[in-house]
Amino acid sequence: MPANPIKAPPQGVYVPAITLFDHKTDTLEPNAQAKYFKYLAQSGITGLVVLGTNAETFLLTKEERVSLICLARRSVPANFPIIAGVSGHSTAQVKAFIADAASAGADYALLLPCAYFGKQTTPSVVKSFFADVARTSPLPIIIYNFPAVCNGLDLDSELITSIAQASPKIVGVKLTCGSVAKITRLSATFSPERFAVFGGQVDFLYGGLAAGSSGCIGAFGNVYPHVLARIYELWQGGDFEGALSLQQKAALAESPTKAGIASTKLSAALFSCKRAGIRDATALALPRAPYDAPSSEARSRILEVMADVEVIEAELWRGRQGEDQGIRITARL
C-alpha cells in the first residue's frame, strides 16, 4: 500500500473558539471576533478550531459559517492550522459545508457522525457516512466523537479504527467522550503522523499525553490558552511533575465551565477577551437565542474558582508579550 501523502494535523493544543455576537441585531461581531482569533493565535497554542461545538455552530447560518472561517484565516498567520467544524445532519449538507470550508481557507475538517435519528444510526451507517464524505472531501477529516450532542452515540475504538483505515483522508479524532482508554488503543494502532488522537477536554490533557495522545482540542483554552500551551510545553520538555501540577490547577479551574457553553463564554469574557482588547465582552459573549445567559451565582463561582489560575495565565501572557516584543526589536536591528 503506498504511503499516505495526507498528513494528520500537527501535535499540540487547539482551541475551539467561541463566537461573539452583537445581540442587538443578532449578528456576528467581526471586529471583536478578529481580535479574539488573533489573540488566541499568539498565545502559544498550535491551532484554532472554528465552528466547533463552543462556536454554537448549529445556531449559525451557512453564510455565517463561511464568514467566520474567512475571518479566522485573515486574522492568523498563513501557516497557522485552522480546523473547521463541518457537521450537519445529512451527507449532502456535510459535503457542502466542507466545500465551503476549503474555499474559505480551512486546513482540516472536524466532523461529528450523523446521529439525528439515534436508533437508526448503526455502525454500518456511520462507516458509510464517513467513507462517502471522505471520498470527495477536499480537506482531511478529523472524526469528532461527542456522545452528548449525538443522541448518545459513542464511537468505540474499533469503529474509529475501521473508519480511519478505510480512507487516507481520515486523519484524526477528537475524543470528547473522555475515554483515555480509547487514546491508548488508537495511539497503539496509528502513528501520530497518520492519525492524530486528541483528547476533547482540557482536564485530561496530561492523562491523554501519558496514554499517547497528540494533544487536545479543549474549550477551556478559550479562557486560559497560555496555561494549556504551557502544560503541553512542560510535558514535551520532560518536566512531568511541573506539567501535572499545572494540569491539576487547570482542571479545578475548568470545573465551572462544565455547565455548558454559556459558562465557557462568560469565563472567556471575564478573562481572555479583556486581554485580547475586546470591549463589552460580557455582552458580546452571551449565548445566541434561544439559550439563557449564566446566572449571577455561576458568575460568582467562576470568579472564585478561577482566581488562582488567572494569576498564572496573566503571568504567562505578560511573559509571551515580552518574548514577542523582543522578536520585533531583533527583527528591526
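Residues numbered from 1 in each chain as written. Predicted model: local features only at pLDDT ≥ 70, side-chain atom pairs only at ≥ 80, totals over all residues. Heavy atoms only, no water.

The name recorded for the protein chain in an unreviewed UniProt entry is Dihydrodipicolinate synthase, from Zasmidium cellare ATCC 36951. Recorded in UniProt for the protein chain, the comment headed Sequence similarities (unreviewed entry) runs: "Belongs to the DapA family." (UniProt positions renumbered as here; feature names shortened; annotations may be inferred.)

(A) Examining helix α10 (residues 261-270) more closely. Counting buried positions over the 10 residues of α10 gives nine, a clear majority of the element. Here α10 has its buried residues at Ala262, Ser263, Thr264, Lys265, Leu266, Ser267, Ala268, Ala269 and Leu270. In the core, the buried residues of α10 are packed alongside β2 (21-22), α1 (30-41), α11 (272-275), α12 (281-284) and α13 (296-305). (Buried < 20%, exposed > 50% of the residue type's maximum accessible area, 1.4 Å probe, protein only. Helix = DSSP H or I, 4+ residues; strand = E, 2+ residues; numbered from the N terminus. Contact = heavy atoms within 4.5 Å.)

(B) The arrangement of helix α6 (residues 180-189) in detail. For α6, every residue scored as buried is listed here: Lys182, Ile183 and Leu186. Each buried residue of α6 sits inside an arc of 100 degrees when the element is viewed along its axis, so together they form one side. (Arc of directions from axis to C-beta.)

(C) The pattern of salt bridges, seen in detail. Applying the stated criterion across every chain, the model contains 13 salt bridges. Taking the shortest distance from any N to any O, the salt bridge between Asp100 and Lys62 comes out at 2.8 Å. Of this pair, Asp100 sits in helix α3 (residues 91-104) while Lys62 sits in helix α2 (residues 62-75), and the two are 38 residues apart along the sequence. Between Asp107 and Arg73 there is a salt bridge, with its nearest N and O atoms 3.2 Å apart. Within this pair, whereas Asp107 is found in the loop between α3 and β6 (108-111), its partner Arg73 is found in helix α2, the two being separated by 34 residues in sequence. For Asp107, a relative accessible area of 30% puts it in the partly exposed group. One salt-bridge network, in which partners are shared between bridges, spans Asp26, Glu64 and Arg288. (Salt bridge = Lys/Arg side-chain N within 4 Å of Asp/Glu carboxyl O.)

(D) Representation of the UniProt feature "active site" (unreviewed entry) in the protein chain in the model. Mapped onto this numbering, the UniProt entry annotates "active site" (unreviewed entry) at Tyr144 and Lys174. For the residues just named, distributed over 31 residues, the greatest C-alpha separation is only 4.9 Å, placing them together at one site. Along the chain, Tyr144 falls in strand β7 (residues 141-145). Separated by 2.6 Å, the side chains of Tyr144 and Thr53 make a polar contact. Tracing the chain through its elements places Lys174 in strand β8 (residues 170-175). Beyond its immediate sequence surroundings of up to four residues, Lys174 is in contact with Leu110, Ile142, Ile143, Tyr144, Asn145, Phe198, Gly200 and Ile217. (Polar contact = N/O pair within 3.5 Å; in protein donor to acceptor, adjacent residues only side chain to side chain.)

(E) Geometry of the sheet that holds β7. In space, the eight strands of this closed barrel follow the order β1-β4-β5-β6-β7-β8-β9-β10, with parallel pairing throughout. Mean inter-strand twist for the sheet, computed between neighbouring axes without regard to direction, equals 25 degrees. Here strand β9 (residues 196-199) pairs with strand β10 (residues 215-217) via two bridges, running parallel. Each bridged residue has a counterpart across the sheet, and for Gly199 the counterpart in β10 is Cys216. (Pairing = 2+ DSSP bridges. Axes fitted to C-alpha atoms, helices over the stretch in contact; angles between N-to-C directions.)

(F) Quick look at the nonpolar core. In this structure, Tyr36, Phe37, Ile170 and Ile278 are the most contacted members of the largest nonpolar core, which totals 109 residues. The biggest single contributor to this core is α1, with seven residues. When residues no more than four places from it in sequence are discounted, the contact partners of Tyr36 are Ala17, Ile18, Leu20, Asn222, Ala268, Ser272, Cys273, Ala276 and Ile278. (Core = buried A, V, L, I, M, F, W, Y, C linked by side-chain atoms within 4.5 Å.)

(G) Spotlight on the packing of helix α8 (residues 225-236) against helix α9 (residues 240-254). Put simply, α8 and α9 touch, their axes get as near as 8 Å, and they point 155 degrees apart. Here α9 runs roughly antiparallel to α8, going by the angle between their axes. At the point where α8 passes α9, the crossing takes the left-handed sense. Contacts between α8 and α9 pair Val227, Arg230, Ile231, Leu234 and Trp235 from the former with Phe240, Gly242, Ala243, Leu246, Gln247 and Ala250 from the latter. In the contact of α8 with α9, the residues fall into eight nonpolar, two polar and one charged. (Parallel < 35°, antiparallel > 145°, perpendicular 65-115°, else oblique. Left-handed = near helix turned anticlockwise from the far one by under 90°. Nonpolar A, V, L, I, M, F, W, Y, C, P; charged D, E, K, R; others polar.)

(H) Representation of the packing of aromatic side chains within the structure. In this structure the tally under the stated criterion is nine aromatic pairs. Among the aromatic residues, those joined into a ring-pair cluster are Tyr206, Trp235 and Phe240. A cation sits over an aromatic face here: Arg275 above Trp317, 6.0 Å from the ring centre. (Phe/Tyr/Trp six-rings, centres within 6.5 Å; stacked < 30°, edge-to-face > 60°. Lys NZ or Arg CZ within 6 Å of the ring centre and 35° of its normal.)

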